[in-house]
Number of protein chains: 2
Amino acid sequence: MPKLSELGEKRLIQYLVEHLDWPRDGLLPPGDDAAAFWFTGQLVASVDTLVWETDVPPRMTFRQVGWKAVTAAVSDLAAKGARPKYILLSLALKPSTEFSEFLDLVNGAQEASKKYGAAIVGGDINESSSHSISVTALGSSEKLLSRVGASPGDMLATTGLFGKTFTGLHAAMNSRPCERELAEAVYSPVARVDEGVALATCGGVSACIDSSDGLAESLHQLSEANDVGFIVDSLPLDSSAQRYCVDNNLDPVEAVFYGGEEYELVFTVKPGWGDVVEKALARLGKEVVWIGSVNQGRGVYFQGKPVERRGWQHFSPVR
Amino acid sequence: MPKLSELGEKRLIQYLVEHLDWPRDGLLPPGDDAAAFWFTGQLVASVDTLVWETDVPPRMTFRQVGWKAVTAAVSDLAAKGARPKYILLSLALKPSTEFSEFLDLVNGAQEASKKYGAAIVGGDINESSSHSISVTALGSSEKLLSRVGASPGDMLATTGLFGKTFTGLHAAMNSRPCERELAEAVYSPVARVDEGVALATCGGVSACIDSSDGLAESLHQLSEANDVGFIVDSLPLDSSAQRYCVDNNLDPVEAVFYGGEEYELVFTVKPGWGDVVEKALARLGKEVVWIGSVNQGRGVYFQGKPVERRGWQHFSPVR
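Residues numbered from 1 in each chain as written. Chains lettered and ligands numbered in written order. Predicted model: local features only at pLDDT ≥ 70, side-chain atom pairs only at ≥ 80, totals over all residues. Heavy atoms only, no water.

## Describing the relation of the copies chain A and chain B
Next up, step 1: Of the two same-sequence chains, chain A is brought onto chain B (RMSD 0.0 Å, axial shift 0.0 Å) by a rotation of 180°. Seen this way, the second copy is the image of the first under a two-fold rotation axis. Nearest to the rotation axis, the C-alpha of A:Thr40 is located 2.1 Å from it, this being the minimum over chain A.
Next up, step 2: Taken together, the interface assignments show that 100% of the residues at the interface of chain A recur at the interface of chain B, consistent with an identical surface on both copies. (Least-squares fit on C-alpha atoms with pLDDT ≥ 70 in both. Contact = heavy atoms within 4.5 Å.)

The following block contains the structure:
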């Protein structure tokens, strides 16, 4: 297969115009300068860029990167109770990139978009000395969730268990065997779109955020935005992650709070609304994971000790 | 001023949340995971990434890069007759970037957004070994222009004269003096938003594209999309560019067709609609530049000779 430097931008765009599944409600032809649609309602938009150097673990394929990049942008919509409809992709790739890698990247992004009910509608292709993919997700919501709205007395919950990316990444970085579920959490993460919509519409959720920066960081962000504190009294530890921690002598508390790139939703529930929220997720075959409560303090506590604010951040002097 | 590596992503985001002019119609607080708005009508979306290595001429400041990146994304909307409303920015910057450079970049993007009537509503900040800025422009249009719709017999026109970026860039690359207008075309380009909206609503325009890839490339794209040919019989040469060409022994035809990064609109006008289109632009104090006609052939001709398809493209084997 040729390299991108042997093909040129126009032929790459032409290929995408001919081979991507364009949505039927587009008001402009594929390949035009912009995408256009009729839209009525609450428009929700988010952009997320994935830079290979900092965001891509070893042995991740181009297809998986495309999938993950879309998942990350869509997860921000999910956390606001929105469903993605349209995806814009902007790629910056090295000239030495193989055409097959380019196709894998775009196909991975398209597969993820379809999984979440959205379609790729436009984008941009650039040459660069380092790979990156920037995904804009546009969606709609009937009811919005915000990260602001939590009050002391609310309950604290998540849509799933944690520790999988921490252990899965540890296995990848150290070439150790791990259960399939852990590797999947790293290489094929899934955004909680249906859960986000269900949480927004059920009426019992006061604030919501996704856990992409790690559970500790997400809780600290919620604490800051709402001027409240959190007491975590039940550690949401995944059982595969727990086994990996035992086998590899890792701290499960560390695995739960500092994994990052997990796309669970972290949310607060108004007093007396627990049953309603449980039923909303049960309709999707999912369970609410209750992990603690909101109090009048500030910060995050587990077993009486403060949970340090220490998540991944770009440009961070301390990691 | 400190470098980004001494600050960390969260403090940069916090700074933007506190200092950017957020629009009042936002349904989520600044700094939440996504931006949200009520929207009804034709939603038009475009993304454009500017990679320093390939897209930034020597001595361009961070402020100018921010301005230009927004202009490039907005120009794609303008060419469809849409007005930008919301801008999402995704930055990938080196850790050694100065905080003052980061501020200049964001301020340049904000100035341009305001100039076009739009507001920055969200974004993403990433660490990378090479600088890039990805801009998503979201807008609305009453009536859409497409690049498809030109027919033989239509007239060919532009919103302005060409040659300024070719000569301005030549001056920058060779450290030669040039008239202010030429440097401005390179360092502070302006998208034709009002013109695009006027052209879309007047009813006489059959197809439209912007000239960001160069006039020759834009005409070839229109030719391909419409299966028509173009005869250019009047060279739209800017007078400052002409003087620079004479002084520096450059070919003005080359300067007009192969400049690129000019954000004029290139459009076709239905027979008999010339007056209507002229009046539509005259209301903005602008003149239509008539440059030729659409015929049944294929390709682009000037003075009986084919105009070669040779514009800037990323990954191009021939430049």
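Past the structure itself, the notes keep going.
## Remarks on helix α1 (residues 9–19) of chain B
Side chains that are three or four residues apart share a direction in an α-helix, a result of its 3.6 residues per turn.
Next up, step 1: When we look at burial in α1(B), the residues that qualify are B:Glu9, B:Lys10, B:Leu12 and B:Leu16. One side of α1(B) holds all its buried residues, which, seen down the axis, span an arc of 160°. Exposed side of α1(B), more than 90 degrees from the buried face: B:Arg11 and B:Glu18 are the residues found there.
Next up, step 2: Buried residues in α1(B) make contact with α8 (215–226) of chain A together with α4 (99–115) and β3 (119–127) of chain B. (Buried < 20%, exposed > 50% of the residue type's maximum accessible area, 1.4 Å probe, protein only. Helix = DSSP H or I, 4+ residues; strand = E, 2+ residues; numbered from the N terminus. Arc of directions from axis to C-beta.)

## Here we look at the pairing of strand β10 (residues 299–302) of chain B
Residues and elements named next belong to chain B.
Next up, step 1: Pairing of strand β7 (residues 229–232) with β10, which is carried by four bridges, proceeds in the parallel orientation. Looking across to β10, one finds that Gly229 is bridged to Gly299.
Next up, step 2: Relative to strand β11 (residues 305–306), β10 runs antiparallel, the two being bridged by two bridges. Residue pairing across strands places Tyr301 opposite Pro306, the latter belonging to β11.
Next up, step 3: Between β10 and the antiparallel strand that follows it, β11, lie two residues; Gln303 among them carries a positive phi value of about 50°. (Pairing = 2+ DSSP bridges.)

## Describing the UniProt feature "binding site: Mg(2+) 1" (unreviewed entry) in chain A
Next up, step 1: Residues annotated in UniProt with the feature "binding site: Mg(2+) 1" (unreviewed entry) correspond here to A:Asp48 and A:Asp124.
Next up, step 2: Mapped onto the elements of the fold, A:Asp48 is located in strand β1 (residues 35–51).
Next up, step 3: For A:Asp48, a relative accessible area of 17% gives the class buried.
Next up, step 4: Not counting residues up to four positions away in its chain, the partners in contact with A:Asp48 are A:Ala72, A:Ala73, A:Asp76, A:Ile133, A:Ser134, A:Val135 and B:Asp124.
Next up, step 5: One can find A:Asp124 in strand β3 (residues 119–127).
Next up, step 6: For A:Asp124, a relative accessible area of 13% translates into the label buried.
Next up, step 7: Among residues more than four places away in sequence, those in contact with A:Asp124 are A:Leu89, A:Ser90, A:Leu91, B:Val47, B:Asp48 and B:Thr49. (UniProt positions renumbered as here; feature names shortened; annotations may be inferred.)

## Here we look at the domain arrangement of chain A
Residue and element names in this part refer to chain A.
Next up, step 1: On domain assignment, one finds that chain A holds domain 1 (8–141) and domain 2 (155–306).
Next up, step 2: Opposite the 22 residues of domain 1 that make contact, domain 2 presents 22 residues.
Next up, step 3: Surface buried jointly by domain 1 and domain 2 totals about 1,800 Å² across both partners, of which 59% is contributed by carbon and sulfur atoms.
Next up, step 4: Connecting domain 1 to domain 2 are two salt bridges.
Next up, step 5: Its salt-bridge partner being Asp194, residue Arg83 comes within 2.9 Å of it at the nearest N-O pair.
Next up, step 6: Taken together, the links from domain 1 to domain 2 amount to nine residue pairs in polar contact (both at pLDDT 80 or more).
Next up, step 7: Secondary-structure elements contributing two or more residues to the side of domain 1 that touches domain 2 are α3 (62–78) and β2 (83–93). (Domains from an automatic or database assignment. Buried area = accessible area lost by both parts, 1.4 Å probe. Salt bridge = Lys/Arg side-chain N within 4 Å of Asp/Glu carboxyl O. Polar contact = N/O pair within 3.5 Å; in protein donor to acceptor, adjacent residues only side chain to side chain.)

## Some thoughts on the packing of α1(B) against α4(B)
All names here are of chain B.
Next up, step 1: Contact geometry for α1 and α4: axes closest at 12 Å, N-to-C directions at 40°. Considering the angle they form, α1 stands oblique to α4. Handedness of the crossing formed by α1 with α4: right-handed. Two secondary-structure elements touch here, α1 through Leu12, Tyr15 and Leu16 and α4 through Phe99, Phe102, Leu103 and Val106.
Next up, step 2: The residue makeup of the contact of α1 with α4, split by class, is seven nonpolar, no polar and no charged. (Axes fitted to C-alpha atoms, helices over the stretch in contact; angles between N-to-C directions. Parallel < 35°, antiparallel > 145°, perpendicular 65-115°, else oblique. Left-handed = near helix turned anticlockwise from the far one by under 90°. Nonpolar A, V, L, I, M, F, W, Y, C, P; charged D, E, K, R; others polar.)

## Description of the side chain of B:Ser90
Next up, step 1: One can find B:Ser90 in strand β2 (residues 83–93).
Next up, step 2: Residue B:Ser90 is classed as buried on the basis of its relative accessible area, which comes to 2%.
Next up, step 3: Beyond its immediate chain neighbours, meaning those up to four positions away, B:Ser90 contacts A:Val47, A:Thr49, A:Ser134, B:Asp124, B:Asn126, B:Ser132, B:Ile133 and B:Ser134.

## Structural notes on the interface of chain A and chain B
Next up, step 1: Taken residue by residue, the interface counts 75 residues in chain A and 75 residues in chain B.
Next up, step 2: A combined buried area of about 5,600 Å² lies between chain A and chain B, and 55% of that area is made up of carbon and sulfur atoms.
Next up, step 3: For the pair chain A and chain B, the number of links is twelve salt bridges.
Next up, step 4: Of the charged contacts in the structure, one is a salt bridge between B:Arg147 and A:Asp33, with a shortest N-O distance of 2.8 Å.
Next up, step 5: For the interface between chain A and chain B, the tally reads 28 residue pairs in polar contact (both at pLDDT 80 or more).
Next up, step 6: Broken down by element, the residue count for the side of chain A that touches chain B peaks at 16 residues, all from β1(A).
Next up, step 7: The residue makeup of the side of chain A that touches chain B, split by class, is 33 nonpolar, 23 polar and 19 charged.
Next up, step 8: Two strands pair when backbone bridges link them, and β1(A) and strand β1 (residues 35–51) of chain B are joined in this way by eleven bridges, in the antiparallel orientation. Looking at β1(B), one finds that A:Thr40 is bridged to B:Thr40.

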